[in-house]
Structures are given as C-alpha cells and as structure tokens.
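Read off the chains here:
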Amino acid sequence: MSEGQTFAPDAAAIERLADAAVARLPEGFRRHLDGVVFRVEEFGDEAVLKELGIDNPFELSGLYTGRPLGEQSSMLSGELPAMIHLYRRPLLDEWAETGVSLEELVTHVIVHEVGHHFGFSDDDMHAIEDAAG
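Throughout this description, residue numbers start from 1 for each chain and increase along the sequence as written. It should be noted that, the model being predicted, local features are given only for residues of pLDDT at least 70 and side-chain atom pairs only at 80 or more, the latter also being counted only at that level, while totals for whole chains, interfaces and linings use all residues. Only hydrogens and water are set aside; all other atoms, that is, all heavy atoms of the structure, feed into the side-chain values.

Things to note about the sheet that holds strand β2 (residues 62-65)
With mixed pairing, 3 strands are arranged side by side in an open sheet as β1-β3-β2. The sheet is open, and its two borders are formed by β1 (37-41) and β2, each paired with just one other strand. For this sheet, the mean inter-axis angle between neighbouring strands, taken without regard to orientation, is 20 degrees. A strand pair is defined by DSSP finding two or more bridges across the two strands. Only DSSP runs of H or I reaching four residues or more are called helices, and only runs of E reaching two or more are called strands; each is numbered from the N terminus. Bridging between β2 and strand β3 (residues 83-87) involves 4 bridges; their strand directions are antiparallel. Considered in β3, the bridge of Leu-63 is made with His-85. Whether two residues touch is decided by their heavy atoms; if any such pair falls within 4.5 Å, the residues are in contact. In this analysis an axis means a line fitted to C-alpha atoms, helices contributing only their contacting stretch, and an angle means the value between N-to-C directions, from 0 to 180 degrees. Packing of helix α1 (residues 11-24) onto the sheet brings it into contact with β1 and β3, and relative to β1 it is tilted by some 145 degrees.

Below, the structure is given as structure tokens:
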C-alpha cells in the first residue's frame, strides 16, 4: 500500500500483509505452517456463518479450518489441508472504524488463527502476538 492510496486494499495487498505477519512469527511456529493454506476472501460464506451462528458477515474477519497439529495423523488421508481464511471486507471495515493499522489487524487475525492451528488458548495466542511484534 502506498501513501496517497485512494482505493481499498485488494486481496493481494491483504495477502502481502499476511505473509509479512507470518514472517515475523518465531521460527519455531513458522516451520509448522508449511502445509497451511492462506486464503483471502471477501466474506465468510453463508454455510460457515450459519455454522458459527453469525448473522452479520462483518463480524468474522478470519477463520481456521482443519485439524490442529496435535490431532493430525498420516492415517487421515484425503482431508483438505488446514486453512487460514482472512476476510477482506470485515478487515477493511474494522480498519476504517477503529483507526488501528491494517497491518496490526491482519497480524492479530493471523496470530489468532495460527494459535488455533496449534490448539492454543486465547492467552497463548496473545503471547505469540506479542512475540510477533
């Protein structure tokens, strides 16, 4: 994103912020993310929102889908890979409403969803976020 930008960041810009957030994670965490797929989408789809009991799609800025590391097994072939979904429109809305930088918001969501990949609690995820800067 460049200074003087007059348009909302696109999915590629959000993806670059996500890549940078992952790069700032401690190496001990990054090395376990090799098989995780990162996706930037406009919103969570209707089935996901319904499953989570969310009426307003702007309330979901990210989601982890897949088995946490401790539950993965080579015996479970045929499953979709673990994925971290970032939802662009809710992120942009929160960015506009809060004044928190988009980089900070994306980092927060990445750390939170990576925490789910590791099976961590919210407290654990806050410690990871602090380490990521």
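Concerning the side chain of Thr-107
When you line up the elements, Thr-107 lands in helix α5 (residues 102-118). Only protein chains enter the accessibility calculation, which uses a 1.4 Å probe; a residue whose area is less than 20% of its type maximum is buried, one above 50% is exposed, and one in between is partly exposed. The buried category is assigned to Thr-107, whose relative accessible area is 4%. Pairs of N or O atoms within 3.5 Å make up the polar contacts considered here, provided that, within protein, one atom can donate a hydrogen while the other can accept it, and that residues adjacent in sequence are counted only when both atoms are side-chain atoms. A distance of 2.9 Å separates a polar atom in the side chain of Thr-107 from the backbone oxygen of Glu-103.

Concerning the pattern of salt bridges
Here, a salt bridge means any Lys or Arg side-chain nitrogen found within 4 Å of an Asp or Glu carboxyl oxygen. A complete count under the given rule lists 4 salt bridges for this structure. We note a salt bridge from Glu-103 to Arg-24, for which the minimum N-O separation is 3.4 Å. Residue Glu-103 is found in helix α5, and its partner Arg-24 is found in helix α1; the two are separated by 79 residues along the sequence. Here Glu-103 falls in the partly exposed class, since its relative accessible area comes to 38%. The salt bridge involving Arg-88 is made with Glu-42; its shortest N-O contact spans 2.7 Å. In this pair, Arg-88 is assigned in helix α4 (residues 88-98) and Glu-42 in the loop between β1 and α3 (46-52), connecting sequence segments 46 residues apart. We classify Arg-88 as buried; its relative accessible area is 13%.

Topic: the nonpolar core
Counting 23 residues, the largest nonpolar core has Leu-86, Leu-91, Val-106 and Ile-110 as its most contacted members. For this core, the elements supplying multiple residues, two or more each, are α1, β3, α4 and α5. If we ignore the near neighbours within four places in the chain, the residues touching Leu-86 are Ile-14, Ala-18, Arg-39, Val-40, Glu-41, Ser-61, Gly-62, Leu-91, Val-106, Val-109 and Ile-110. The next biggest cluster of nonpolar side chains, apart from the first, holds 6 residues, and it includes Leu-49, Leu-60, Leu-63 and Tyr-87. Nonpolar core, defined: a set of buried Ala, Val, Leu, Ile, Met, Phe, Trp, Tyr and Cys residues in which side-chain atoms within 4.5 Å join the residues together.

Some thoughts on the packing of α1 against α5
Running from N to C, α1 and α5 cross one another at 60 degrees; their axes reach a closest spacing of 9 Å. Classified by the angle their axes make, α1 and α5 are oblique. The two elements α1 and α5 cross, and the hand of that crossing is right-handed. Counting all contacts with α1, which are made through Ile-14, Leu-17, Ala-18, Ala-21, Val-22 and Arg-24, the residues of α5 involved are Leu-102, Glu-103, Val-106, Thr-107 and Ile-110. Each angle is binned into one of four classes, with values under 35 degrees roughly parallel, values over 145 roughly antiparallel, values of 65 to 115 roughly perpendicular, and all other values oblique. Note on convention: the crossing is left-handed when the near helix lies turned anticlockwise from the far helix by less than a right angle, right-handed when the turn is clockwise.

With respect to the pairing of β3
Counting buried positions along β3 gives 5 out of 5 residues, so the element sits mostly inside the fold. The alternating pattern of β3 places Met-83, His-85 and Tyr-87 and Ile-84 and Leu-86 on opposite faces, both of which are buried. Note that β1 and β3 share 5 bridges and pair parallel. In the strand pairing of β3, Glu-41 is matched with Tyr-87.

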